[in-house]
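# Topology and contacts: notes
The primary structure of each chain is shown beneath.
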Amino acid sequence: MLGGFYASVALGLTLVFGLLNIVNIAHPAFVVLGSFLVYAANAQWGVDPIAMGVILTPLFFLLGMATYSVYHASFEKRDNESLRGLAFFFGLMFIIEVGLILQYGVDYRLVNAPYIGKVINLGSVTLPLRMLVPFCVALVMALGIFLFLSRTYLGRAIRAVAQDQLALQLVAADPVRIKRIAFGIAIATACVAGALLIVINPVEPAAGRVYIGRIFAIVVLGGMGSVRGTVAAAIVLGIVESVTSTIYSPSWAPAVAFGFLLFALAVRPAGLLRR
Amino acid sequence: MQQRRIFGGTRRFFFGAMLAAFALVSIGPAVQAEDDPIRIGFGMALTGALAGAGKAALISIEIWRDDINAAGGLLGRPVELVFYDDQTNPAKVPGIYTKLINIDRVDLIVSGYGSATITPAIPIAMNYDMVFMSLFGLASNEEFGYDRYFQILPAGPEPRIEWSRGFFEVAMRADPKPTTVALVGADAEFPRNALIGARANAEAAGLEIVYDETYPPTTVDFSPVIRKIQSVNPDVVYVASYPPDSAGIVRSVTELGLEAKLFGGGMVGVQFASLMEALGPQLNGIVNYDFWVPEPTLNFPGINAFLEKYQAIAEDAGVDPLGYYLPPFAYANMQILAEAVEATGGLDQDQIADYIRSNEFETVVGDVSFGANGEWAKSRMLMVQYQGIEDQSLEQFTEAGTRVVLYPEDWQSGKLIAPYSDAK
């Protein structure tokens with residue numbers, strides 16, 4: 001169940017980090033930003049959090065495009081993207097966090113929705129809807145991104161940018177524009193992921209940091225830029241964590257999950273599913 | 001021409017100002033003792049991880065300053081606060097207190113909020129022999145043994161044990177008596193300490209520990225933890241958690257239908273307005289620690305007047321709108337210091353410390369007296385049970401009866417509803 005949420009966060013990163021090679025360490029901060037906007041709408045007007053997450057995607061798409069434009073103009077164009085780019089995204093992360101603190105304070109925020117606190121029983125298994133609904137939404141979103149990348153012209157162009165930028169220029173397509181759109185889409189998914197996050201757990205401005213390690217691990221495990229791989233890796237990691245917590249001890253869950261990551265990379269260095 | 005006139009004006013102004021300054025300096029010393037403010041210095045977490053509580057504490061201290069100034073000040077002198085943002089960063093703290101004492105020349109110091117920023121300030125206070133009033137430092141003075149350190153958190157002389165003593169006392173009141181207990185908590189400083197105390201209390205009560213695990217602070221889904229606990233079927237479940245985990249655990253327990261006689265104990269966060277509002281009826285039945293709740297047995301003189309002032313400011317300041325958990329204690333801390341200053345008739349740190357050590361103080365959080373290590377002489381950790389919570393309004397928590405006090409007996413205001421599933 002947990003894997004679905006991980007997948008929703010990792011999906012955006014797989015586009016940016018896996019396909020465009022941009023180490024967007026601020027991605028979880030965008031997720032938390034999404035959570036807070038969803039919270040604000042929920043507290044003010046009682047809008048369903050996930051619906052609000054979807055409504056906000058165009059806004060986040062534009063935000064992502066703007067972020068990429070700044071990043072491109074200041075770093076990528078001058079060819080010193082790796083380290084300074086990292087610093088840029090670190091800075092961005094802090095700006096988002098501090099902005100949220102100034103606006104909402106440091107308290108934990110939660111949302112209300114009809115499916116929070118309810119369960120469905122499948123035989124002897126009790127499934128909390130609070131986990132099930134985000135899981136389904138994440139899968140639908142992953143399917144959407146997968147179809148977009150494989151079926152549409154623009155999606156294929158994004159994958160082409162990842163493979164050979166020069167070749168793309170030769171067929172008269174603008175790689176920067178395509179990358180900008182891809183970045184926008186990635187940030188838009190962060191918004192939906194933010195809605196899912198606040199349905200699952202209370203959120204505070206710096207909550208994103210908790211997920212940075214896990215999410216990057218999932219992208220790497222999934223095979224750097226493969227949507228199917230990312231979803232598979234996220235679900236596998238979620239299952240490994242849950243099973244370890246249940247059968248052995250919750251303190252070992254991250255250790256076993258990351259041990260599994262090392263093992264998987266040793267056996268399949270290209271990730272679970274190569275793109 | 002224009003230029004000159006301005007210049008001339010400035011020169012005249014300077015001359016006048018210098019004269020005035022001379023006049024002030026020459027009569028200064030005579031006036032100082034009468035009108036100069038008494039300056040109280042502290043660092044406070046106004047940004048960073050503890051800023052929510054830090055801001056609430058600052059508001060409370062400012063209310064105290066306004067109250068005392070309205071009543072004619074301290075020793076007949078107005079009170080002025082000198083404070084800096086410590087950014088919840090322990091490394092900043094020694095510098096702040098050194099500056100407060102050496103450069104700002106404050107007369108008195110108090111602590112910021114929380115153990116992380118209190119512990120690094122103690123050596124500085126010791127260096128200058130200053131009395132140090134501490135706001136919620138958990139066993140911070142253990143290593144130093146400083147005799148001018150006084151701590152307002154009502155955990156008593158043995159904080160780790162006292163934190164859960166009430167929970168197990170209440171558990172053993174249930175009929176039939178429980179025989180097994182599950183202990184679970186986050187893998188972090190406070191929960192680990194709380195679990196050490198809980199283990200000792202569980203053993204003292206003769207309970208068999210059937211589950212004893214910690215989980216990493218990054219845990220998102222608590223269903224596996226709760227399922228595992230359900231599989232060993234304990235009578236009592238003790239939880240020591242931080243706010244996000246508390247919310248996750250309460251939700252999972254509700255969703256999965258935990259059957260236990262008693263559930264709760266050391267959950268941080270369920271006392272805060274934001275979580276109480278969001279969790280609402282899911283809190284029913286939980287027995288958890290608290291410091292102050294609006295029950296008739298805890299209606300101390302001055303507390304309601306203080307909360308009224310606090311609540312009027314809190315909403316806009318973006319801090320806990322109810323302010324039951326920390327703010328009254330921040331205010332009481334200052335009351336104690338002020339009473340000691342008035343009683344000793346001066347700012348002699350030696351005399352103030354002696355006075356605080358050997359007297360009982362009437363504050364907005366009740367009567368307080370300190371033991372040898374600067375903690376409360378006798379613990380007043382409350383165990384409260386959430387009862388009859390109907391919806392998610394914040395209003396209901398301001399009324400008596402939603403969090404009834406079960407322990408200690410002196411403050412008891414209601415009866416335990418057990419088992420936990422009945423109270424839900």
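Cut-offs applied
- Residues numbered from 1 in each chain as written.
- Chains lettered and ligands numbered in written order.
- Predicted model: local features only at pLDDT ≥ 70, side-chain atom pairs only at ≥ 80, totals over all residues.
- Domains from an automatic or database assignment.
- Contact = placed C-beta atoms within 7 Å.
- Nonpolar A, V, L, I, M, F, W, Y, C, P; charged D, E, K, R; others polar.
- Pairing = 2+ DSSP bridges.
- Helix = DSSP H or I, 4+ residues; strand = E, 2+ residues; numbered from the N terminus.
- Axes fitted to C-alpha atoms, helices over the stretch in contact; angles between N-to-C directions.
- Expected span 1.5 Å × (residues − 1).
- Buried ≥ 20, exposed ≤ 12 C-beta atoms within 10 Å, placed from the backbone.
- Arc of directions from axis to C-beta.
- Core = buried A, V, L, I, M, F, W, Y, C linked by C-beta atoms within 7 Å.
- Left-handed = near helix turned anticlockwise from the far one by under 90°.

The next thing to look at is the domain arrangement of chain B. Residues and elements named next belong to chain B. Domain assignment breaks chain B into domain 1 (36-151 + 301-364) and domain 2 (159-298 + 381-423). Taken over C-alpha atoms, the centre of domain 1 sits 30 Å from the centre of domain 2. Tallying the contact residues gives 9 residues for domain 1 and 13 residues for domain 2. When grouped by side-chain class, the residues that make up the side of domain 1 that touches domain 2 number 8 nonpolar, no polar and 1 charged.

Here the focus is the sheet that holds strand β2 (residues 79-85) of chain B. Residues and elements named next belong to chain B. Read from one edge to the other, the open sheet built from 5 strands follows the order β2-β1-β3-β4-β5, with strand pairing classed as parallel. Single-partner strands in this sheet number two, and they are β2 and β5 (149-151). Neighbour-to-neighbour, the strand axes of this sheet turn through a mean angle of 20 degrees, independent of strand direction. As paired elements, strand β3 (residues 108-113) and strand β4 (residues 132-135) share 3 bridges and run parallel to each other. Bridge pairing in β4 places V110 opposite M133. Taken strand by strand, helix α12 (residues 327-344) contacts β3 and β4, and its axis lies near 165 degrees from that of β4.

This part takes up helix α12 (residues 253-267) of chain A. Residues and elements named next belong to chain A. Between its first and last C-alpha, α12 extends 21 Å over 15 residues, near the 21 Å set by a 1.5 Å rise per residue. Within α12, burial applies to A253, P254 and A257. Projected onto a plane normal to the axis of α12, the buried residues spread over an arc of 100 degrees and lie on a single side. In α12, the exposed positions that point more than 90 degrees away from the buried face belong to A255, L262, F263, A266 and V267. On its buried face, α12 is in contact with α11 (227-247).

With that settled, the discussion passes to the nonpolar core. Grouped together as the largest cluster of nonpolar side chains are 227 residues, with contacts concentrated most on Y6, A10, L196 and I218 of chain A together with A57 and I109 of chain B. Sort the elements by how many residues they give to this core and helix α9 (residues 175-200) of chain A lands first, with 17 residues.

Residues and elements named next belong to chain B. Two numbers describe how α12 lies on helix α13 (residues 349-358): the axes approach to 9 Å, and their chain directions differ by 115 degrees. For the element pair α12 and α13, the recorded crossing hand is right-handed. The segment α12 lies against α13, with I336, A340, V341, A343 and T344 engaging Q351, I352, Y355 and I356.

As a further point, take the interface of chain B and chain A. Between chain B and chain A, the residue contacts involve 31 residues of the former and 29 residues of the latter. Here the element with the most residues in the side of chain B that touches chain A is helix α9 (residues 243-256) of chain B; it accounts for 8 residues. Along the lines of polarity and charge, the residues of the side of chain B that touches chain A split into 13 nonpolar, 11 polar and 7 charged.

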